[in-house]
Amino acid sequence: MTPELVLVVVALIGVNAIPTSAQSPGFPRTFSNKTLEVPALETSPNRPTFRQANNQSSSRPSIFAKQPSPFERFESEESGPPSSPATTPILDTNLWDVQPNQSVPYGLDVIETARQSAEQFRRIAAASTPVAADIANENAAYADQWVALAESHRQLSARIHETNSKYNTTTKDLEDVQAKLTQYGLTPTVGMLLRHKKDQLDAWQVQDSQTFFAGQELQNLRQKQLELEIIPFDGSDPNAQARTIFAAAGLSTTAADQAAVVTQVETLLEQRSKWLQSLQQGYQDYRHKLGELDSTTAASIKLCTRYRDLIDSHITWIPSDEPLSTNDFRKISRGTAAMLDSRHSSNLGYSITRKWQGSPGLGISLLLGMLVILLLRWRAKSWLIGIGNGNEKVMRGATADTRKVAASFLTVFVAFTIPGIFYAFASWLGSGLVSEASLQASSAFYALSLVALLIELPRQLLRNHGYVDRHVDVQLPRRQRASMYLTLTGIGLALAAYGISLSGEIDHGLWRGSLARFAFIATMLLVTWTAHLGLRPNGGFLEPLVARFGGSVLYRIRIVFYLFGIGFPIAMIALSSLGYGFTAKVLITRAIFTLVGILVSVTLWGAIKILSATAWELLTGAPASTTAGAYDEDGQITMVQPSSAAASGLLNEHFLELKHHLAFLCQCALVVAAVVSFAWLWLDIFPNARMGNPVVWTVHDTVTQSTTNAAGQVISSNVLESTPITALHLLLAAGTLFVAFQLAKLLPALFDALVLQRVSFDEGMEHFSLVLGRCLLFGVGCFFAGSWIGIRWQTIQWLAVGLAIGLGFGLQDMVRNLFGGFIVLFEKPARLGDLITVGKVTGRVAAQKLRTTVLADDEGRELIVPNKNFVSEDVVNWLGAGRLNVIPIEVAVSREERPADICRTLQELVIEQPDVLLTPAPQATLICVGKRSQRIEVRAWIEEGQEPTAYRESLLRLVTRFLRERNLLSDDQPTQPDMPETSAARMRDPFRSKSQSTRRRSA
């Protein structure tokens, strides 16, 4: 029996499964020597009983047709024959009209039946003993709890249906709008349609926020389920739990007069068990519905965001209002009254209260974050002022460059804190549970934070003891006056931005063309006057900065900056007057982002150069090129510049060339980043600008997408995605290949500057690392370039197979040489500088490449040997022959010590000598063993240029003295082997037989 069916049956029989008497409508019960008459439930003669209705509708399908009613089983087992219709409990329900495959566990009829069961429980409680009454009242509470759960489930199902309908409608609208844009383009009619859809999406966002409450509901569900699990008398074992209840009440279950009460309590516990099971199943179903609502709402929000982005990118140049007229002047007073209406404030307060109650943790986190940011701002501001006025407690002993770096970063941080707080508050208002008032306030605070950022950054730059005052080598005579002006003007502009944005949103934008427009025009006039004071060619506040850092070209065209500075706000006034208020808002937003980016870049540029120079000095191991600065009595920084001779002695020509190349690459990267950032900000404003980036081809990829259905199952499907490849992608691919080629070209210098200064590599390992690094760098560059233009492995795998087959048959020798090159690089049979013989060719290794190896002979010729010869022919490595001399000595030692110990001791003794080479390492070998002694041969190598015979005599005396001091030297010493021929003789005939250069030595 399913839990839903159990719930229906329990609701139908209520508490009427209690044994009744056939002679009277009630039956006597004794409890504590008192007799109570429990009346039978009243029945209506006009309504059929459950059994009668079931029999009457036997010809129709019923969900109860497969098994008898528990009420019938109870009567047959406990009470004998069924009770008469006059005493049968009657419940008004139409559940038997349900079709077989139709499931209505939370239908209105079932909810009504559950309410009737709760009322029956309460009537039985009123007429029962205290013990049974408590249990009946608790059962009634569980029935009421299930009713509330069922009603919530129905409401949730309605919300899910509404959300799905909205999602389908939005999807269809988006497809229709895309089709209209493709077919007709951006016409005024389509633009007005998009603007109407934008307002509709804002209204839907409010509805979505009311529905998006799954987190809080899930927490409540877990709490309720936990309460159900810890119920002490849950009816799982009615007999045992009934005995426990009676024992707690001081009653006995074996007394004859308590039999009916015990049976009643057990029956109530059995019914409680079924109600609790139904509640558990109901909470599980409700949780499943919450998950379905959560996923559907998230998908709807994602679709609406995509729709809003499409709208924002196309309605920029669509009129948002009527042109300015005399009627707008008449609306100013009414707009002002609406702006000052207290209802807006009360609605906002109510929305904030609801948001706080819905997610108090997020609100507390926001407040704590604001408090922490304010504390950090206060601390950073004190550090900034301390660095500027020469406070010895702040960064004591730091250099002038270090102070400048710290001041630049602190200035940017202090400037971003207050706008960041406003932005965080706006994000909190516009996310989660929102209302129309909270969305309007969120938009206003966004505008406030943006304008505050534009004002706060130059204000912090111009403050006393600030970055410009102490760390920029320029004199601004009116700096303090300008800082005060920016402070006052900034407060006014920030408040104006908040008021303009809010007045344009309230009452569904009714006052956007009157009050908000005139306030916007007044604000733009103030911006125009500020730009005039700062950018005028003669006497402007910023003229000394342009003359000092702008160069001669920028200084001559400073009139262009002035005209742009005063022309932009005037153009925005014209747009707003013509009805393009939204266009002006978008352009001002992008202009503020651009100006803020420029100001941040200019502020941090000096710090970036200092950090780059310091990083270069650390990487290359060069000493610092600056000395510590000091503050004079006026707080002015005095710096000691290093001399040019000292600077030239720090960096050699190799490092300077590498530094210039890296600087060029970094400058190219910065220019590309600036261009990409500017294009990302402004291309969406001008849709026709995309015509300059045509689609060259389209790449179709088959991707696998995973979705979760309503049952929680993960369904995977293959979807064909189309990716357009434009001219910009081709430029990015070319730039990637250029950067990879330049880095591969600079790799030897980078390796020398960054690695070889710290790690000791031999020439062979160095060459191998460079070749492998160049291949990897260029391979990675080709991979990224291919990804830009849509080249996938799936598209070129057959081409790669064909090339592999062609190389295998047509270019076998080249392939052998390439694989031989890998063997030479990885196994390293010969290192750079070694004298080797490959077949009949002898020479020193001059270079190792992937296809060939270059050998140099004594006559200055270069012999190019294919790398396949290292695999197919004999290779002899002379281990430094022609450059080294071997020193052989033999000594006889006693047999009291192990030969291995003596050989190791002699090898350690010889290797400690200053002229003995570490590679090849000295060798000590047991030659032969006699009756009283054993002979050890020691070989050591020294560089050419020393006298081998004299060095052998000194080494022999050292070894014999060492052995004699330890009583290991034997009395009979062998004759010393002949010295090998000189290097010149070996180079003249390297293939001479070994027997000609050695002699037979006696044992």
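The rules behind the values
- Residues numbered from 1 in each chain as written.
- Predicted model: local features only at pLDDT ≥ 70, side-chain atom pairs only at ≥ 80, totals over all residues.
- Heavy atoms only, no water.
- UniProt positions renumbered as here; feature names shortened; annotations may be inferred.
- Pairing = 2+ DSSP bridges.
- Helix = DSSP H or I, 4+ residues; strand = E, 2+ residues; numbered from the N terminus.
- Axes fitted to C-alpha atoms, helices over the stretch in contact; angles between N-to-C directions.
- Contact = heavy atoms within 4.5 Å.
- Salt bridge = Lys/Arg side-chain N within 4 Å of Asp/Glu carboxyl O.
- Buried < 20%, exposed > 50% of the residue type's maximum accessible area, 1.4 Å probe, protein only.
- Patch = residues over 30% accessible without salt bridge, like charges linked within 9 Å, V, L, I, M, F, W, Y side chains within 5 Å.
- Areas by Shrake-Rupley, 256 points an atom, 1.4 Å probe, with all protein chains shown as cover.
- Phe/Tyr/Trp six-rings, centres within 6.5 Å; stacked < 30°, edge-to-face > 60°.
- Lys NZ or Arg CZ within 6 Å of the ring centre and 35° of its normal.
- Core = buried A, V, L, I, M, F, W, Y, C linked by side-chain atoms within 4.5 Å.

- The protein chain goes by Putative MscS family protein.1 in an unreviewed UniProt entry, where it is assigned to Roseimaritima multifibrata.
- Under Subcellular location (unreviewed entry), UniProt gives the following word-for-word description of the protein chain: "Cell membrane".
- The UniProt entry for the protein chain carries the following comment under Sequence similarities (unreviewed entry): "Belongs to the MscS (TC 1.A.23) family."

## A word on the sheet that holds strand S14 (residues 933-943)
So, point 1. Read from one edge of the open sheet, three strands run S12-S14-S13, paired in antiparallel fashion. Each end of this open sheet is capped by a strand with a single partner; those strands are strand S12 (884-894) and strand S13 (923-929). Geometrically, the sheet is characterised by an average inter-axis angle of 25° between neighbouring strands, direction not taken into account.
So, point 2. Bridging between S12 and S14 involves 11 bridges; their strand directions are antiparallel. Among the inter-strand pairings, Ala892 is bridged to a residue of S14, identified as Arg935.
So, point 3. Across the sheet, helix H30 (residues 899-911) touches S12, S13 and S14, and the angle it forms with S14 is around 25°.

## Brief notes about the pattern of salt bridges
Close approach of charged atoms lets side chains of opposite charge pair.
So, point 1. All told, the structure shown has 19 salt bridges when counted by the stated rule.
So, point 2. Among the ionic pairs, Glu119 bridges to Arg122, the shortest N-O distance being 3.5 Å. Note that Glu119 and Arg122 are positioned in helix H4 (residues 108-126) at a spacing of three residues, about one turn of the helix.
So, point 3. Judged by relative accessible area, which is 41%, Glu119 ranks as partly exposed.
So, point 4. In this structure, the salt-bridge partner of Asp469 is Arg479, at a minimum N-O distance of 3.7 Å. In this pair, Asp469 is assigned in helix H16 (residues 467-471) and Arg479 in helix H17 (residues 479-509), connecting sequence segments 10 residues apart.

## So, a nonpolar patch on the surface
So, point 1. Residues Val553, Leu554, Ile557, Ile559, Val560, Phe561 and Leu563 make up a contiguous nonpolar surface patch of roughly 600 Å² in combined accessible area.
So, point 2. Mapped onto the nonpolar patch, the elements with two or more residues apiece are helix H20 (551-556) and helix H21 (558-577).
So, point 3. The element that contributes the greatest number of residues to the nonpolar patch is H21, accounting for four residues.
So, point 4. Considering the arrangement of structural elements, one finds Val560 in helix H21.

## Some remarks on the packing of aromatic side chains
So, point 1. The tally for this structure, following the rule as stated, stands at 10 aromatic pairs.
So, point 2. Plain terms: the ring middles of Phe445 and Tyr498 are 5.1 Å apart, the flat faces sit at 65° to each other, and that makes the pair edge-to-face. With Phe445 in helix H15 (residues 436-461) and Tyr498 in helix H17, this residue pair connects regions lying 53 residues apart in the sequence.
So, point 3. The exposure class of Tyr498 is partly exposed, given its relative accessible area of 22%.
So, point 4. Linked through ring pairs, Phe422, Phe425, Trp428, Phe445 and Tyr498 together constitute an aromatic cluster.
So, point 5. One residue, Lys355, lies across the ring of Trp428, its end atom 5.1 Å from the ring centre.
So, point 6. Here the basic side chain of Arg558 rests over the ring of Tyr555, its NZ or CZ set 4.1 Å away from the ring centre.

## Observations concerning unusual backbone geometry
So, point 1. In the Ramachandran plot, His465 falls in the positive-phi region, its phi being about 60° despite a non-glycine side chain.
So, point 2. The topology assignment puts His465 in the loop between H15 and H16.
So, point 3. The phi angle at Asn967 is positive, at roughly 55°, despite the residue not being glycine.
So, point 4. Inspection of the secondary structure assignment puts Asn967 in the loop between helix H31 (948-965) and helix H32 (983-988).
So, point 5. Its relative accessible area of 65% is what places Asn967 among the exposed residues.

## Some words on the nonpolar core
So, point 1. Within the largest apolar cluster, 43 residues are counted, with the highest numbers of intra-cluster contacts made by Leu194, Phe520 and Met572.
So, point 2. The contacts of Met572, once residues within four sequence positions are left out, are Phe520, Met524, Ala584, Leu587 and Ile588.
So, point 3. The next biggest cluster of nonpolar side chains, apart from the first, holds 39 residues, and it includes Ile111, Trp275, Tyr286 and Leu293.

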